[in-house]
Amino acid sequence: MSLSSRLEAVLFAVAKPLSRAQLARALGCTKEEVGGALTELVSRCHATDAGVCVLETGEDVQLVSNPAYASDLEQFVKQDAASELTRPALETLTVIAYRGPMTKPEIEQVRGVNCTLILRHLLMRDMVVEEPNEQKMQPTYRVSPTLLRHLGCTSVVQLPNYTAFAKNEDVARLQAQLSAMPEDSV
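A short tour of the structure in this document, coming up. Because the structure is a prediction, the values reported are computed rather than measured.

Structural notes on the environment of Asp60
Logical step 1: Mapped onto the secondary structure, Asp60 falls in strand E3 (residues 60–65).
Logical step 2: For Asp60, a relative accessible area of 30% translates into the label partly exposed.
Logical step 3: Each C-alpha atom, one on Asp60 and one on Ser19, is 4.2 Å from the other, the two residues being 41 residues apart in sequence.
Logical step 4: In contact with Asp60, not counting residues within four places along its chain, are Pro17, Leu18, Ser19 and Leu55.

Side note on the nonpolar core
One recurring pattern in soluble globular proteins: nonpolar side chains tend to sit buried together.
Logical step 1: Formed by 23 residues in total, the largest nonpolar core has its most connected members in Leu93, Ile96, Ile107, Leu122 and Val143.
Logical step 2: When residues of this core are traced back to their parent elements, those giving at least two are helix H5 (87–99), helix H7 (116–124), strand E6 (140–143), helix H8 (145–151) and helix H9 (162–166).
Logical step 3: Residues contacting Ile107, with those up to four places away along its chain left out, are Thr92, Ile96, Met102, Cys115, Leu119 and Tyr141.
Logical step 4: Membership of the second largest hydrophobic core comes to 16 residues, among which are Leu7, Cys45, Val54 and Leu63.

Quick notes on the pattern of salt bridges
Logical step 1: Applying the stated rule across the entire model yields eight salt bridges.
Logical step 2: The residue Arg44 makes a salt bridge to Glu8 at a minimum N-O spacing of 2.6 Å. Taken together, the residues span a long stretch of sequence, with Arg44 in helix H3 (residues 31–46) and Glu8 in helix H1 (residues 3–14) at a distance of 36 residues.
Logical step 3: The class for Glu8 is partly exposed, based on a relative accessible area of 24%.
Logical step 4: With its nearest N and O atoms 2.8 Å apart, the salt bridge here joins Glu56 to Arg20. Here Glu56 is found in strand E2 (residues 52–57), whereas its partner Arg20 is found in helix H2 (residues 20–27), with 36 residues between them in sequence.

Structural notes on the environment of Val14
Logical step 1: Relative to the helices and strands, Val14 resides in helix H1.
Logical step 2: You can call Val14 partly exposed: its relative accessible area is 28%.
Logical step 3: Expressed as a C-alpha distance, the spacing of Val14 and Leu63, which sit 49 residues apart in the sequence, is 9.0 Å.

Description of the state of the cysteines
Logical step 1: Following the criterion strictly, the structure yields zero disulfides and no others.
Logical step 2: Residue Cys53 stays outside any disulfide, its sulfur separated by 7.3 Å from that of Cys45, the closest cysteine.
Logical step 3: Taking relative accessible area as the criterion, Cys53 reaches 12% and is therefore assigned buried.

Digging into H3
Logical step 1: Between its terminal C-alpha atoms H3 stretches 22 Å, which fits the 22 Å expected from 16 residues at 1.5 Å a residue.
Logical step 2: For H3, the set of buried residues is Val34, Ala37, Leu38, Leu41, Val42 and Cys45. Along the axis of H3, the buried residues cluster in a sector spanning 145°; they form a single face. In H3, the exposed residues that point more than 90 degrees away from the buried face are Glu32 and Thr39.

Here's the deal with the sheet that holds strand E5 (residues 128–131)
Logical step 1: Ordered by their spatial adjacency, three strands build an open sheet running E4-E6-E5, and the pairing between neighbours is antiparallel. With one partner strand each, in any of the chains shown, strand E4 (102–103) and E5 form the two edges of the open sheet.
Logical step 2: Taken together, the two bridges between E4 and E6 define a ladder with antiparallel strand orientation. Bridged to Met102 within E6 is Tyr141.
Logical step 3: This element, H5, spans E4, E5 and E6 of the sheet and lies at about 90° to E6.
Logical step 4: Helix-sheet contacts for H7 involve E5 and E6, and the interaxial angle to E5 is about 110°.

Some details on the environment of Ala68
Logical step 1: Following the sequence through the fold, Ala68 ends up in the loop between E3 and helix H4 (70–82).
Logical step 2: For Ala68, a relative accessible area of 60% puts it in the exposed group.
Logical step 3: C-alpha of Ala68 to C-alpha of Ala50: the two residues are 18 residues apart in sequence and 9.5 Å apart in space.

Here is what the cut-offs are and how they apply
In this numbering scheme, every chain counts its residues from 1 along its sequence in written order. Where local features are concerned, this predicted model is filtered to residues with pLDDT of at least 70; where side-chain atom pairs are given and counted, the filter is 80 or more; whole-chain, interface and lining totals use all residues. Processing note: side-chain calculations cover all non-hydrogen atoms of the structure and skip hydrogens and water entirely. Helix numbers and strand numbers start at the N terminus; a helix is a DSSP run of H or I with at least 4 residues, a strand a run of E with at least 2. Working definition: with a 1.4 Å probe on protein chains only, accessible area under 20% of the residue-type maximum means buried, over 50% means exposed, and in between means partly exposed. Here, two residues are considered to be in contact whenever any of their heavy atoms come within 4.5 Å of each other. For this analysis, a nonpolar core means a set of buried residues of the types Ala, Val, Leu, Ile, Met, Phe, Trp, Tyr and Cys, connected via side-chain atoms within 4.5 Å. Each salt bridge in this description consists of a side-chain nitrogen of Lys or Arg and a carboxyl oxygen of Asp or Glu lying within 4 Å of one another. Disulfides are defined in this document as cysteine sulfur pairs within 2.5 Å. Expected span of a helix, by definition, is 1.5 Å for each gap between consecutive residues, and there is one gap fewer than residues. Read the arc as the range of directions from the helix axis to the C-beta atoms. Strands were regarded as paired on the criterion that DSSP finds at least two bridges between them. Axes, fitted as lines to C-alpha atoms, cover a helix only where it is in contact. Angles between the N-to-C directions of the axes lie from 0 to 180 degrees.

Encoded structure:
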């Protein structure tokens, strides 16, 4: 496997900007080797009519959709946003509404499954908001004002049975377990 293909796989899976240093650590190589693999990936993606391209902003690198296909993506996003939420998306939204703000690992600890794509979908639909959290050293998610307005609420405490669900001991125990884990294992 070539380093540029491995780089492409990581950037695709993560779907967010990563620094060259993060990529070097993840791939077990140097920043210089990442730079060479990145040059190869850029030339491969940009030399064709590929659906994806590499976006570089300073030290950060991200795999993004090719701007040439913006109209196709816009149409898809409109259709997707009009569709009903899936059961996993509703479950994730409920966890965030009643226990948020929460980090992605905390949400996954409660749900027991990876929530990356679900969170991205909820963000695109403006149902949740991602905010930096320096204390937890990763973003937290909370319901958006748009969702609250849609539900006819001005605060999450107005949600049905909020107090009972927000204080659930089983969920609190799961969150405490996650908080007790070493940072590098989260």
